[in-house]
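# What the coordinates show
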Amino acid sequence: MAKQIVKMTLNGQQIEQLVDSRTLLVHFLREQMNLTGAHIGCETSQCGACTIDIDGESVKACTHLAVQCDGSDVKTVEGLAENGVLHPVQEAFYEEHGLQCGYCTPGMLMRSYRFLQENPNPTEDEIRTGISGNLCRCTGYQNIIKAVQSAATKLQDNETASA
Amino acid sequence: MIPPNFEYHRPATVDEAVGLLTSLGSEAKILAGGHSLLPMMKLRFAMPEHLVDINRIPELSGVSVVGDDIVIGAMTTENAVIADPILNEKVPLLPEAAKLIADPQVRNRGTIGGDIAHGDPANDHPALALACDAVMTVVGPEGARQIPASEFFLGTYWTALNDDDILTAITVKAFPNGAGFSYRKLKRKTGDWATAACAVVVALSGGSVSHIRITLTNLGPTAIRAHDAEAVLSGQTVTDELIKQAAEKAMAICDPAEDLRGDVEYKTAMAGQMVQRAIAEALSRAN
Ligand SMILES: Cc1cc2nc3c(=O)[nH]c(=O)nc-3n(C[C@H](O)[C@H](O)[C@H](O)COP(=O)(O)OP(=O)(O)OC[C@H]3O[C@@H](n4cnc5c(N)ncnc54)[C@H](O)[C@@H]3O)c2cc1C
Ligand code: FES
Ligand code: FES
């Protein structure tokens, strides 16, 4: 009885899965859905490597149950690129070298993606606060900040171009 | 780390939730933001057989004004507290302090009610609730009752809530006109609990203190109100010397637990600093 049917939209697709009530969302994504983008860094809600989007908010998937997502719209790093074209946030991390080992990157991308919708034209301070739930042990953050700044410009240019 | 097995329930109304808690008894726990409960379950510090998820009960979130009262639904998240226009206008201490809690992702999930109900002396909302003279609305099998913050926090992980109670709302009054406020929190890094923290609300009348609350986080088994420190300032025109005396009175009631954040002497000394800074900042904002 501890298993339940869960229906959600995952990266734009309707899915229906049987999950154990105790299954953490990050394990559900990685092991049941084979979406290994969301990483497990600490499993204690400290590092942000597991950050994904639920109903338009950044959430740490290691501290959320899969059953809680019934009826939700979930997006992972796998859902960022569209038709093989990188999302501007991904492009910016690539161009600005916003990563070294890449372990924190899926979480950084998903947090930056959401943060730039919350605050499309942030100051450097606001970026640092906005991504303060994501740790990186390699880059020293400088290039990550640059990447987010560059992504902000790209997204704004796109906005103007499509207006 | 995967939590132990449990049965998951998702009621749609408070009545349904109370019914579940009544029938399931002490084997059930409420799941709010889950950012204290799920970590405790992973560590087997908590092993409930049933989780009653109250995230889809709309009446439990949001802020409203009812007469003189500002009613904050228990499921209002930290980020919603930070963004709320009513709180920013009338009780600005709460949004300002909520920015110092955890990080953006945790603040999307963590709720003001969960922060208070958890009874963790390291959590920030208990001292803030004391500073705002908050009143808790609790619904149990016998209906609703009101518990003032001063009678709510009984010990570490111990509150006035029974197993079958739900904290539904936290009610505060708007600050007096011209009141100053401050929350000073010493922490080692973003997302850390306080090494020592102090909340102050102060109002002046003709230059002397007409209303004052001084409360402390993580400096004893529960959040504490520093009555003796308040008495030093009450009715007075505040001087630097009086601020120091108030801080000493506050330090005298500190009883922090030693941990990786520091030993008792260090934490108590830092409490004195936080109290002085919070009083000074609150006064500088009062008019
Ligand atoms: C990395 C990290 C850093 C953090 N830093 C801070 C910090 O600096 N300051 C701070 O204050 N907190 C901090 N927290 C704790 C966080 O704010 C939690 O969200 C909060 O303590 C609990 O709220 P919740 O909504 O997540 O409750 P849950 O974890 O869901 O529940 C906590 C407890 O309260 C009970 N409960 C919850 N809601 C109710 C209710 N309405 N009625 C009755 N019982 C209820 C539950 O049954 C459970 O026992 C941090 C957490 C993390 C993971
Ligand atoms: S794995 Fe989730 S925050 Fe580190
Ligand atoms: S690139 Fe290695 S942890 Fe961030």
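### Looking at the overall build of chain B
Along the backbone of chain B there are eleven helices and 14 strands. On C-alpha atoms alone, chain B measures out to a radius of gyration of 19 Å, which is about the 19 Å that the 2.2 N^0.38 rule sets for 287 residues. If you line up chain B on its principal axes, its C-alpha atoms span 60 × 45 × 30 Å. Counting over 287 residues, chain B shows a buried share of 56%. The long-range share in chain B, meaning contacts at least 24 apart out of those at least 6 apart in sequence, stands at 61%. A gap of 7 Å separates the mean positions of the 24 positive and 35 negative side-chain charges of chain B.

### Focus on the interface of chain A and chain B
In this complex, chain A contributes 32 residues to the contact, which on the side of chain B involves 29 residues. Both sides together, the interface formed by chain A and chain B hides about 2,500 Å², and carbon and sulfur atoms give 49% of it. A per-residue breakdown of the area chain A buries against chain B is headed by R22, T63 and Q68 of chain A, which together make up 26% of the total. Seen at the junction of chain A and chain B, the total is two salt bridges. Between D103 of chain B and K60 of chain A there is a salt bridge whose closest N-O contact spans 2.6 Å. Remark: the boundary between chain A and chain B carries 14 residue pairs in polar contact (both at pLDDT 80 or more).

### Some remarks on the sheet that holds strand β13 (residues 208-217) of chain B
Residue and element names in this part refer to chain B. Read from one edge of the open sheet, four strands run β11-β12-β13-β14, paired in antiparallel fashion. Every interior strand has two partners, whereas the edge strands, β11 (180-186) and β14 (224-225), have only one. Strand direction decides the pairing type here: β13 and β14, joined by two bridges, are antiparallel. In the sheet register, L216 faces β14, and the bridge partner there is I224. Contacting β11, β12 (196-205) and β13, helix α11 (residues 264-285) runs over the sheet at an angle of about 155° to β11.

### Side note on the sheet that holds strand β3 (residues 51-54) of chain A
Residue and element names in this part refer to chain A. Read across the sheet, five strands follow the order β2-β1-β5-β3-β4 without closing on themselves; strand pairing throughout is mixed. The sheet terminates laterally at β2 (13-20) and β4 (57-60), the two strands that pair on one side only. Along the sheet, successive strands turn relative to each other by an average axial angle of 40°, direction set aside. Here β3 pairs with β4 via four bridges, running antiparallel. Bridging from a neighbouring strand, D53 pairs with S58 of β4. The strands touched by helix α1 (residues 25-32) within the sheet are β1 (3-10), β2 and β3, with β2 carrying the most contacts at an inclination of about 110°. Packed onto the sheet, helix α3 (residues 105-118) meets β3, β4 and β5 (73-75) and runs at close to 35° relative to β3.

### Some remarks on the domain arrangement of chain B
All names here are of chain B. Assigned domains of chain B: these are domain 1 (7-53), domain 2 (61-172) and domain 3 (180-285). Spacing between the C-alpha centres of domain 2 and domain 3 amounts to 20 Å. If you look at the interface, domain 2 gives 23 residues, while domain 3 gives 25 residues. Interface of domain 2 and domain 3: buried area, both sides summed, is about 1,900 Å²; carbon and sulfur atoms make up 60% of it. Here R285 makes a salt bridge to E96, at a shortest N to O gap of 3.0 Å.

### A few points about the site of ligand 1
Around ligand 1 lies a shell of 32 residues, among which I30, S36, L37, T111 and D124 of chain B are the nearest. Looking at the residues close to ligand 1, they fall on chains A and B. Contacts to ligand 1 include L167 of chain B, whose backbone N or O atom sits 2.9 Å from a nitrogen atom. W193 of chain B places a side-chain nitrogen or oxygen 3.4 Å from a nitrogen atom of ligand 1. Notes on ligand 1: free accessible area 970 Å², of which the protein chains cover 96%. Contributing elements (two or more residues each) for the shell around ligand 1: β2 (28-31), α7 (112-117) and β10 (166-173) of chain B. A per-class count over the shell around ligand 1 returns 14 nonpolar, twelve polar and six charged.

### A look at helix α10 (residues 240-252) of chain B
Residue and element names in this part refer to chain B. In a regular helix each residue adds 1.5 Å, so 13 residues correspond to 18 Å; α10 covers 19 Å between its end C-alpha atoms and thus fits that length. Turning to α10, its buried residues number three or more, namely L242, I243, A246, A247 and A250. What you see down the axis of α10 is that its buried residues fit within an arc of 140°, all on one side. α10 presents E248 and A252 as exposed residues on the side facing more than 90 degrees away from its buried surface. Packing partners of the buried residues in α10 comprise β13, α9 (227-233) and α11.

About the criteria used
- Residues numbered from 1 in each chain as written.
- Chains lettered and ligands numbered in written order.
- Predicted model: local features only at pLDDT ≥ 70, side-chain atom pairs only at ≥ 80, totals over all residues.
- Heavy atoms only, no water.
- Helix = DSSP H or I, 4+ residues; strand = E, 2+ residues; numbered from the N terminus.
- Rg over C-alpha atoms; globule rule 2.2 N^0.38 Å.
- Buried < 20%, exposed > 50% of the residue type's maximum accessible area, 1.4 Å probe, protein only.
- Contact = heavy atoms within 4.5 Å.
- Lys, Arg positive; Asp, Glu negative; His and termini not counted.
- Charge placed at Lys NZ, Arg CZ, Asp CG, Glu CD.
- Buried area = accessible area lost by both parts, 1.4 Å probe.
- Salt bridge = Lys/Arg side-chain N within 4 Å of Asp/Glu carboxyl O.
- Polar contact = N/O pair within 3.5 Å; in protein donor to acceptor, adjacent residues only side chain to side chain.
- Pairing = 2+ DSSP bridges.
- Axes fitted to C-alpha atoms, helices over the stretch in contact; angles between N-to-C directions.
- Domains from an automatic or database assignment.
- Near = heavy atom within 4 Å.
- Areas by Shrake-Rupley, 256 points an atom, 1.4 Å probe, with all protein chains shown as cover.
- Nonpolar A, V, L, I, M, F, W, Y, C, P; charged D, E, K, R; others polar.
- Expected span 1.5 Å × (residues − 1).
- Arc of directions from axis to C-beta.

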